[in-house]
Amino acid sequence: MKYKTGKILVDGEWKEIDLENISLKQAMNISGIVCCPGKECYAKLYSVHSAKNGGRTVHFKATNNSHKDECPYRIENYKAHMVNVSENGYFTEKQVNDFVRTLYKDVTMPLNEKRQLIEERKKKRMGKTDKRSTDSGKGKKISYVGKIIQGENIEGAVKGRMSRRYMVDTSDLGKQIGVYGNLQNAYMDQYGQLYMEFEEERYNNIKVLVGAVYENNNQAIYQYLSVVLKYFSKKRSKGYKSFLVAAGMVNQYNGQLIIEVQARNGFVIDGKNISKLNLDNIVA
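All of the points below concern the structure found in this document. None of these values were measured; they are calculated from a predicted model.

1. A closer look at the packing of aromatic side chains
- What the rule picks out here adds up to six aromatic pairs.
- Ring geometry for W14 versus Y42: centroids 5.2 Å apart, planes at 35 degrees, classification tilted. Of the two residues, W14 sits in strand β2 (residues 13–18) while Y42 sits in the loop between β3 (34–35) and β4 (45–49), which places them 28 residues apart along the sequence.
- Y42 sits in the partly exposed class, given a relative accessible area of 47%.
- Positioned above the aromatic ring of Y180 is the side chain of R202, whose terminal nitrogen or guanidinium carbon lies 5.2 Å from the ring centre.

2. Section: the pairing of strand β1 (residues 5–10)
- In this sheet, β2 lies alongside β1 in antiparallel orientation, the contact comprising six bridges. Bridged to G6 within β2 is I17.
- In the sheet, β1 pairs with β3 via two bridges, with the strands oriented antiparallel. Bridge pairing in β3 places I8 opposite V34.

3. Focus: the pattern of salt bridges
- Considering all chains together, one arrives at 13 salt bridges under this definition.
- With its nearest N and O atoms 2.8 Å apart, the salt bridge here joins R165 to D172. Neither residue differs from the other here; R165 and D172 are each classed as buried.
- Overlapping salt bridges, with partners in common, bring together E40, K68 and E70 in one network.

4. Some remarks on the nonpolar core
- In terms of nonpolar packing, the biggest core is built from 44 residues, with V179, M196, V208, L244, F267 and I269 touching the most fellow members.
- Among the elements that make up this core, the one with the highest residue count is strand β12 (residues 243–253) (six residues).
- If near-sequence neighbours (up to four positions away) are discounted, L244 is found in contact with V179, Y180, G181, L183, M196, F198, V208, F267, V268 and I269.
- Core analysis: the second largest hydrophobic core is formed by 16 residues, L19, V34, C36 and L45 among them.

5. Points about unusual backbone geometry
- Positive phi values are uncommon outside glycine, yet D11 reaches one of about 55 degrees.
- Within the secondary structure, D11 is located in the loop between β1 and β2.
- Of note in this structure, D270 is not a glycine but carries a positive phi near 55 degrees.
- Residue placement: D270 occurs in the loop between β14 (267–269) and α7 (274–283).

The rules behind these values
Residues numbered from 1 in each chain as written. Predicted model: local features only at pLDDT ≥ 70, side-chain atom pairs only at ≥ 80, totals over all residues. Heavy atoms only, no water. Phe/Tyr/Trp six-rings, centres within 6.5 Å; stacked < 30°, edge-to-face > 60°. Helix = DSSP H or I, 4+ residues; strand = E, 2+ residues; numbered from the N terminus. Buried < 20%, exposed > 50% of the residue type's maximum accessible area, 1.4 Å probe, protein only. Lys NZ or Arg CZ within 6 Å of the ring centre and 35° of its normal. Pairing = 2+ DSSP bridges. Salt bridge = Lys/Arg side-chain N within 4 Å of Asp/Glu carboxyl O. Core = buried A, V, L, I, M, F, W, Y, C linked by side-chain atoms within 4.5 Å. Contact = heavy atoms within 4.5 Å.

Shown next, in the form of structure tokens:
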């Protein structure tokens, strides 16, 4: 649970503090311990880097067991409205490709540029009119699902929801997620499968795999995976880092958590997909 407000002890008196719009610098400069806003509950709140923008802002959380039993902020007592959105269902290649592209922009774009882009998109949406056609004037809409990479588009099925993860554990098994960070290592095994590892400690329990599933879905481009190693090695030799964003299904092989890439553009390095990396390699 994220807290919009908290309380802090100032001169022997508890004062309310706004936590919803707090910046990283402001959070670091807070003097004293921030506690739960619940009546007579003094559960300690701690700051957590926001996953939505690569950790550049923060929000506050608390350990559930530290709350007073009757505190309304305990998970079992909290009555917030929950939106029922499936993390299962079916997933399309376009959906995953779009998610990766959006996630890369979200975690690398400067915050002031992002705010400006959001405002521009809002203005465009407000000025748009719905020009979608209907079937024989009956209002029947025809939707094109596209290539499905996981699940089945059967009657009653819904499109699954992609979500990013700041950390990954076994509770994510079977889910389609996105991860991001600096690339620490990239190598190919004896079968020609590509493995990539993150520099960030929060991801030290996972590897990104571009292997048999990716090959089955993208046979024409699978042969160019080696350009990833060339690109990564070249940048590292010059003292530069490579930034990886990847999306896929969480699996576990021999105790190792794996993000298994399935979609053609299910991963990008410095914003470049496999086709762009290969083109740059040819030109170079």
